[in-house]
Amino acid sequence: ADNLLKTSKTEIALPPEVGIIIESLEKSGFKAYAVGGAVRDSVLGLAPEDWDITTSARPEEIKKVFSARETIETGIKHGTVTVLVNHKPFEVTSFRSEGSYSDCRHPDKVEFVTDLSEDLRRRDFTVNSLAYNKKRGVIDLYGGLSDINNKIIRTVGKAEERFSEDALRILRAVRFSSKLGFRIEPETKNAAEKLKGLLSKISAERIFSELSKLLFGKNVVDALLESSGIICEVIPEMKPCVGFNQHSKWHKYDVYEHIVRSVGAIEGKPELKWAMFLHDIGKPEKFFMKDGEGHFYGHAEPSAKMADSILTRLKASNLLKEQVIFLVKNHDRPFPEGEVKLKRMLKDGAENFFRLVEVKKADNTAQGTDIALA
């Protein structure tokens, strides 16, 4: 029951539009709260990307409350109505409980409920199970505030159940670790490793979306290093790179760790992040030893072919694929010497030239040796 909810008087600055939605629902006799990632980010002092509202009102009741405003039936079957306030869209979703997930992604049945605690119980991670309104403060049933303070990603309830319901949560755990700089709690991590095979049931588009967000996280290096098994489940071409000793004075790290550190060393657009993620994926098949030193001559070509195959499989846009393949194919080619040749190269494609500069800088930084940076 709502009178048993655990609350914290932490104050959060709600956008005026969110305040209007919550107050309108409350004036009509319903309960309403901001919920999920926006509350988490507010507690962390981050600017939320978007705001979701949860309410005891059912979809038809939500539409009635906001009959004077534009509403969109975004996912009315699952209780979601988008309400436009000041021309900005906000998803308002009815409190709900969910049945079994036979496809490991979507609930077979959704039941609308009147108790907030029932709704929060179905959330993925404790840090995303927080709710807030000005009257009650932060509502925390599952230790989300404690886990935020301790920088932990933990599932709500049993990890194996949460991951079996929706396998995408396995990759989302790594993404939140990357984004927030939190570590995945051991029981949650063990369950993710155990059930990672379920990711085969998730659509390529969703896998690509999660990976793209993951690559931009501030903690991407640690997240990728600690979750290599999960990454290799969705990008099996990466498996030979993990632990592959380069036997090179130029490289401090194995192939996978070098790749990961190069992702962390580059900033900018998705094509740069994906280029670093895939630039050396073909190295193991080109490896040979000569005079006690490891070599990978010609590895850019198989890396580019793998990048093409991977991005095609993940249904990336043709533009992104084209940009990444160019950068991977050319990442280890030396720039021409001399002003005339450099100008000619710039004339043929200045944007590609400057992208390659960034790629080469990140590649060198991620080698981790003084000689590579000299």
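Residues numbered from 1 in each chain as written. Predicted model: local features only at pLDDT ≥ 70, side-chain atom pairs only at ≥ 80, totals over all residues. Heavy atoms only, no water.

(A) Looking closely at the environment of Ala-191. With respect to the helices, strands and loops of the structure, Ala-191 is situated in helix α8 (residues 186-195). For the pair Ala-191 and Arg-162, spaced 29 residues apart in sequence, the C-alpha separation works out to 9.4 Å. Excluding anything up to four places from it in sequence, Ala-191 contacts Ala-159, Glu-160 and Phe-163. (Helix = DSSP H or I, 4+ residues; strand = E, 2+ residues; numbered from the N terminus. Contact = heavy atoms within 4.5 Å.)

(B) Structural context of helix α9 (residues 204-215). In this model, α9 (12 residues) spans 16 Å end to end at C-alpha, consistent with the 16 Å of a helix rising 1.5 Å per residue. Residues Ala-204, Ile-207, Phe-208, Glu-210, Leu-211, Ser-212, Leu-214 and Leu-215 constitute the buried set of α9. (Expected span 1.5 Å × (residues − 1). Buried < 20%, exposed > 50% of the residue type's maximum accessible area, 1.4 Å probe, protein only.)

(C) Seen up close, the nonpolar core. Ranked by size, the top nonpolar core spans 91 residues in total, and within it Leu-211, Trp-274, Phe-277 and Leu-278 carry the most contacts. If you look at the next biggest cluster of nonpolar residues, it comprises nine residues, including Tyr-33, Leu-116, Ala-131 and Ile-139. (Core = buried A, V, L, I, M, F, W, Y, C linked by side-chain atoms within 4.5 Å.)

(D) Region of interest: the pairing of strand β2 (residues 32-35). Burial of the side chains of β2 extends over both faces: Ala-32 and Ala-34 are buried on one face and Tyr-33 and Val-35 on the other. Two strands pair when backbone bridges link them, and β2 and strand β9 (residues 131-133) are joined in this way by two bridges, in the antiparallel orientation. Note that in β9 the partner of Val-35 across the bridge is Ala-131. (Pairing = 2+ DSSP bridges.)

(E) Structural context of the pattern of salt bridges. Inspection of every chain in the model, using the stated rule, returns 27 salt bridges. Across the pair Glu-73 and Lys-63 runs a salt bridge whose closest N-O atoms are separated by 2.4 Å. Remark: Lys-63 occurs in helix α3 (residues 59-65) and Glu-73 occurs in strand β4 (residues 71-75); sequence separation between them is 10 residues. A salt bridge links Arg-313 to Glu-237, with the shortest nitrogen-to-oxygen separation between them at 2.8 Å. A residue pair is termed long-range when its members are at least 10 positions apart, and Arg-313 in helix α14 (residues 300-313) and Glu-237 in the loop between α11 (228-234) and α12 (255-265) qualify at 76 residues. Under the relative-accessibility criterion, Arg-313 is labelled partly exposed at 35%. One network of salt bridges, in which partners are shared, links Arg-40, Asp-41, Glu-49 and Lys-179. (Salt bridge = Lys/Arg side-chain N within 4 Å of Asp/Glu carboxyl O.)

(F) Fine view of α8. Listed in full, the buried residues belonging to α8 are Thr-188, Ala-191, Ala-192 and Leu-195. Seen from one end, α8 has its buried residues packed into an arc of 100 degrees, which puts them on one side. Every exposed residue of α8 that faces more than 90 degrees away from the buried side is listed here: Asn-190 and Lys-194. Among the structural elements, β11 (152-153), α6 (159-165), α7 (168-180), β12 (183-184) and α11 are those in contact with the buried residues of α8. (Arc of directions from axis to C-beta.)

(G) Spotlight on the side chain of Asp-41. For Asp-41, the location among the structural elements is in helix α2 (residues 37-43). A relative accessible area of 4% means that Asp-41 is categorised as buried. Contacts of Asp-41, omitting those with residues within four sequence positions, involve Leu-46, Pro-48, Lys-179 and Leu-180.

(H) The packing of aromatic side chains, seen in detail. This model, assessed by the stated rule, comprises 10 aromatic pairs. Note on Phe-244 and Phe-296: the rings are 6.3 Å apart at their centroids and 55 degrees apart in plane angle, and the pair reads as tilted. Remark: Phe-296 occurs in the loop between β14 (293-295) and α14 and Phe-244 occurs in the loop between α11 and α12; sequence separation between them is 52 residues. Residue classification places Phe-296 among the buried residues on the basis of a relative accessible area of 9%. Members of the aromatic cluster, each reached through a chain of ring pairs, are Phe-125, Phe-163 and Phe-176. The ring of Tyr-253 carries Arg-261 above its face, with NZ or CZ at 4.5 Å from the centroid. The residue whose ring lies beneath Lys-273 is Phe-216, and the NZ or CZ to ring-centre distance is 5.8 Å. (Phe/Tyr/Trp six-rings, centres within 6.5 Å; stacked < 30°, edge-to-face > 60°. Lys NZ or Arg CZ within 6 Å of the ring centre and 35° of its normal.)

Read these as spatial facts, not as claims about activity.
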